[in-house]
Amino acid sequence: MLFDSCRKCRSSRVELQKRLFGSNLKVTQDCLRCNRQSEWSSQPFLAATPAGNLLLSAAILFGGQGPNEVLCLLNSMGVTTHSVRSFFIHPEKYLLPAVERTWDEHVHDLHRMLNETGTPLIIGGDGRADSPGYSAKYGSYTAQKLNHNKIIHLQLAQNNEVKNSGHMELEGFKRMMSSLRVAGLTVEKVVTDRHRQLAKYVREQELDVLHMFEVSKRRLTSSQRRRVSKKWGTGREASTITYTGVPQSTTNKEEDHER
Ligand SMILES: [Zn+2]
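Throughout this document, residue positions are counted from 1 along each chain, in the order its sequence is written. Given that the model is predicted, a residue must reach a pLDDT of at least 70 before its local features are reported, and side-chain atom pairs must reach 80 or more before they are shown or counted; all residues, however, enter totals for whole chains, interfaces and linings.

**Describing the sheet that holds strand 1 (residues 14-21)**
Argument step 1. Here a strand pair is declared whenever DSSP counts at least two bridges between the two strands. Going along the chain from the N terminus, every DSSP run of H or I of four or more residues is numbered as a helix, and every run of E of two or more is numbered as a strand. Reading across from one edge, 1-2-3 is the order of the three strands in this open sheet, with antiparallel pairing throughout. In this open sheet, the two edge strands, each paired with only one partner strand, are strand 1 and strand 3 (37-41). The sheet shows a mean angle of 15° between the axes of neighbouring strands, taken without regard to direction.
Argument step 2. Summarising the sheet, strand 2 (residues 24-31) and strand 3 pair through five bridges and their orientation is antiparallel. What sits directly across from Gln29, in strand 3, is Ser38. Interaxial angles span 0 to 180 degrees and are taken between N-to-C directions of axes, which are lines fitted to C-alpha atoms, for helices over the stretch in contact.

See below:
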């Protein structure tokens, strides 16, 4: 056994103490002959936290699991883990700051790359609320650079920052446009769902931006379908196709486009 004898004098007259720190096992060996004391841990430490505990919390959080269920499962198998209480300390102290830093670096690098290429952006954007109806408290607005399939902006809005929760999507869009401008980027086209406030805002305030709408094929009239098919070819008429920017007389800046 690893701890049966002293590593210095090879004596077998040793005392062992085993202690668990969550998923980490720490063994302290005291030699009764030469009085040498040595310690061994089953995991490396990150500051005072065993790496395995942090990795387990990260796996639970990023995997979208419930901490109670995962830790209960492991304990049922006889695998030692840290407590649920410790799990809730890790995201606040380590994991979420790490996510924020990684995201900031990603956005910074992406914006720098886009600035270097200088190509105007084609963006797909949509809002998402934390609950349906008019009771949502938080809304996020996500912008994707369509020709690279990369998220280039993520914006949060709270309902008390705007008139009501129905205005959070537009507020997120405004903040997104503002942030991209601050980063020195030019938006050429935006593709969104048919959000009326947003359409009005782009039509009146974002005069240099071409606004295209994402429209389900099922909502097109037969003549609109024919026009889209004529432009994009019949081979693209699969039922899952989503058309954007189907020409409508009520909007002034639209074009046919298929995603
Ligand atoms: Zn010894």
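Now that the structure has been shown, we can carry on.
**Considering the nonpolar core**
Argument step 1. In plain words, the nonpolar core is the set of buried Ala, Val, Leu, Ile, Met, Phe, Trp, Tyr and Cys residues that C-beta atoms within 7 Å link up. Any residue surrounded by 20 or more other C-beta atoms within 10 Å of its C-beta is treated as buried, while 12 or fewer makes it exposed and the intermediate range makes it partly exposed; C-beta atoms here are placed from the backbone. Counting 14 residues, the largest nonpolar core has Tyr141, Ala143, Phe173, Met176, Val190 and Leu198 as the members making the most contacts within it.
Argument step 2. For this core, the secondary-structure elements that each account for two or more residues are strand 7 (138-145), helix 4 (168-182), strand 9 (187-192), helix 5 (196-205) and strand 10 (210-216).
Argument step 3. The element best represented in this core is helix 4, accounting for four residues.
Argument step 4. What counts as a contact is two residues whose backbone-derived C-beta atoms lie within 7 Å of each other. Those residues in contact with Leu198 that lie beyond four places of it in its chain are Glu169, Leu170, Phe173 and Thr192.

**Quick look at the confidence of the model for the protein chain**
Argument step 1. In this model, the protein chain carries a mean pLDDT of 83, and residues with pLDDT of at least 70 account for 86%.
Argument step 2. Per-residue confidence from the predictor is reported as pLDDT, which spans 0 to 100. Confidence drops under a pLDDT of 50 for residues 234-259, and excluding neighbours within four residues, the segment shows 53 contacts in the predicted structure.

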